[in-house]
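These are the residues of each chain, in order.
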Amino acid sequence: MTRAEKLRAKIAPFADAIVITDVLNQYYISGFRFTDGYVLVTQKSAHIVTDFRYVEAAQKLAPAGFEIVTPARGAEMATYMRDVCAREGVKTVAFEEARITYAEHEKLKDALGVDFVPSRGVIEQMRRVKDKEEVDKMCAAQKITDDAFTHILSVITPEMTEIEVATELEYFMRKHGGEDKSFDTICVSGSASSLPHGVPTDKKIERGDFVTMDFGAIVGGYHSDMTRTVAVGSISDEQKAVYDTVLKAQLAAL
């Protein structure tokens, strides 16, 4: 059963169709990533409604069962969806209440001429349980991240700046298959290593510093996230005691 088919079954008790506005949910259901338009799934059909910039890519990447439609822009997209609803006898459309602005909700509701009801988070519920394809992408993202950490251990030296270390991590991940970084890469050293969400600076790493790195890669839209603290050169007994305390806490939690 496809994700669109599963979605139809989930909305059937309370809606005839669902209009998806969140870009991540659009990608999850349609298998196609875009940033301008809608995914409309009814009990009879499924539609990717976007502008002409995406039509060629959508035709190549979207799964079977989706109609690719490229009206001119916003108003025409809504008109197309209204026509689908009228043709199929759709009376009630679910909307993503946690993912849409009030203005967008009102615009779509007026344009489609149907009753709008909350989607009750049905897509998020589906996304919580990962299938094998999703797990494989997550594992691939983490493999790239693990390899980046191994790489940086052989590269990092005193006199490198925090920004240089962060940049090297990002470059390695992109070079080895990452679509992008999962988030802004963190590399902080010395006293700044106490900052969980510190920002890399042009401060040079010094011998005896702790260096904390927080980084991740994206594969197929799925993210990894990894935090590691290493020491450059020799460290004091106090630093070792702090490190071992955190390690023991982590192991106990696991």
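Each remark here, short or long, concerns the structure printed above.
Rules of the game
Residues numbered from 1 in each chain as written. Predicted model: local features only at pLDDT ≥ 70, side-chain atom pairs only at ≥ 80, totals over all residues. Heavy atoms only, no water. Pairing = 2+ DSSP bridges. Helix = DSSP H or I, 4+ residues; strand = E, 2+ residues; numbered from the N terminus. Right-handed = clockwise from strand over helix to strand, strands pointing away. Axes fitted to C-alpha atoms, helices over the stretch in contact; angles between N-to-C directions. Parallel < 35°, antiparallel > 145°, perpendicular 65-115°, else oblique. Left-handed = near helix turned anticlockwise from the far one by under 90°. Contact = heavy atoms within 4.5 Å. Buried < 20%, exposed > 50% of the residue type's maximum accessible area, 1.4 Å probe, protein only. Patch = residues over 30% accessible without salt bridge, like charges linked within 9 Å, V, L, I, M, F, W, Y side chains within 5 Å. Areas by Shrake-Rupley, 256 points an atom, 1.4 Å probe, with all protein chains shown as cover. Salt bridge = Lys/Arg side-chain N within 4 Å of Asp/Glu carboxyl O. Phe/Tyr/Trp six-rings, centres within 6.5 Å; stacked < 30°, edge-to-face > 60°. Core = buried A, V, L, I, M, F, W, Y, C linked by side-chain atoms within 4.5 Å.

### Observations concerning the pairing of strand 4 (residues 66–69)
Pairing geometry for strand 3 (residues 46–50) and strand 4, over four bridges, is parallel. Paired with Ile48 across the two strands is Ile68, which belongs to strand 4. Following the chain from strand 3 across helix 3 (residues 55–61) to the adjacent parallel strand 4, one finds a crossover that is right-handed.

### Observations concerning the packing of helix 7 (residues 132–155) against helix 8 (residues 162–175)
Each pair of packed helices can be summarised by the angle the axes make with each other and by the distance between the axes. Two elements in contact, helix 7 and helix 8, have axes whose closest approach is 9 Å; the angle formed by their N-to-C orientations is 135 degrees. The pairing of helix 7 with helix 8 is recorded here as oblique in orientation. As helix 7 packs across helix 8, the resulting crossing turns out to be right-handed. Residues Ile144, Thr145, Asp147, Ala148, His151, Ile152 and Val155 of helix 7 form the contact with helix 8, whose own contacting residues are Val165, Glu168, Leu169, Phe172 and Met173.

### Some thoughts on the sheet that holds strand 9 (residues 210–215)
In space, the three strands of this open sheet follow the order 8-9-12, with antiparallel pairing throughout. Of all strands in the sheet, those with a lone pairing partner are strand 8 (186–189) and strand 12 (226–231), marking the two edges. Averaged over all adjacent pairs, the angle separating strand axes in this sheet is 15 degrees, with direction ignored. Where strand 9 and strand 12 come together, six bridges link them in antiparallel fashion. Its bridge partner lying in strand 12, Phe210 is registered against Ala231. Strand contacts of helix 7: strand 9 and strand 12, with the helix running at about 15 degrees to strand 12, the strand carrying the most contacts.

### Let's talk about the pairing of strand 2 (residues 37–42)
Burial runs high along strand 2: six of the six residues are buried. Residues Gly37, Val39 and Val41 point to one face of strand 2 and Tyr38, Leu40 and Thr42 to the other, with burial holding for every one of them. Pairing between strand 1 (residues 17–20) and strand 2: four bridges, direction antiparallel. For Ile20, the partnering residue across the bridge sits in strand 2 and is Val39. Sheet analysis places strand 2 next to strand 3, joined by five bridges and oriented antiparallel. Among the inter-strand pairings, Leu40 is bridged to a residue of strand 3, identified as His47. Counted along the chain from strand 2 to the antiparallel partner strand 3, the turn is three residues long.

### Let's talk about a nonpolar patch on the surface
A surface patch of nonpolar side chains, amounting to about 440 Å² of accessible area, comprises Tyr243, Leu247, Leu251 and Leu254. Of note, Leu247 is situated in helix 9 (residues 237–253).

### Regarding the side chain of Thr161
Looking at the secondary structure, you find Thr161 in the loop between helix 7 and helix 8. A relative accessible area of 11% places Thr161 in the buried class. In this structure Thr161 touches Thr201, Asp202, Lys203, Lys204 and Ile205, once residues within four positions along its chain are discounted.

### Some words on the environment of Gly208
With respect to the helices, strands and loops of the structure, Gly208 is situated in the loop between strand 8 and strand 9. Since its relative accessible area comes to 19%, Gly208 is described here as buried. In contact with Gly208, other than residues within four places in its own chain, are Val232, Ser234, Ile235 and Gln239.

### Remarks on the packing of aromatic side chains
The full count for this structure, using the stated rule, is five aromatic pairs. On the basis of an interplanar angle of 85 degrees and a centroid distance of 6.3 Å, the ring pair of Phe32 and Tyr54 is categorised as edge-to-face. Of this pair, Phe32 sits in the loop between helix 2 (23–30) and strand 2 while Tyr54 sits in the loop between strand 3 and helix 3; the two residues are 22 residues apart in sequence, bridging distant segments of the chain. The exposure class assigned to Phe32 is buried, which follows from its relative accessible area of 3%. Pairing Phe95 with Phe116 gives two aromatic rings, centres 5.7 Å apart and planes at 20 degrees, and the pair type is stacked. Note that Phe95 is positioned in strand 5 (residues 92–95) and Phe116 in strand 6 (residues 115–118), a separation of 21 residues in sequence.

### Quick word on the nonpolar core
Formed by 24 residues in total, the largest nonpolar core has its most connected members in Leu7, Ile18, Ile29 and Ile123. Of all the secondary-structure elements, those providing two or more residues to this core are helix 1 (3–11), strand 1, helix 2, strand 2, strand 3 and helix 6 (122–128). Residue contacts for Ile18: discarding those within four places in its chain leaves Leu7, Ile11, Val39, Leu40, Val41, Val93, Ala94, Ser119, Val122 and Ile123. Ranked by size, the runner-up nonpolar core spans 22 residues in total, among them Met160, Leu169, Met173 and Val211.

Keep in mind these numbers describe shape, not what the thing actually does.
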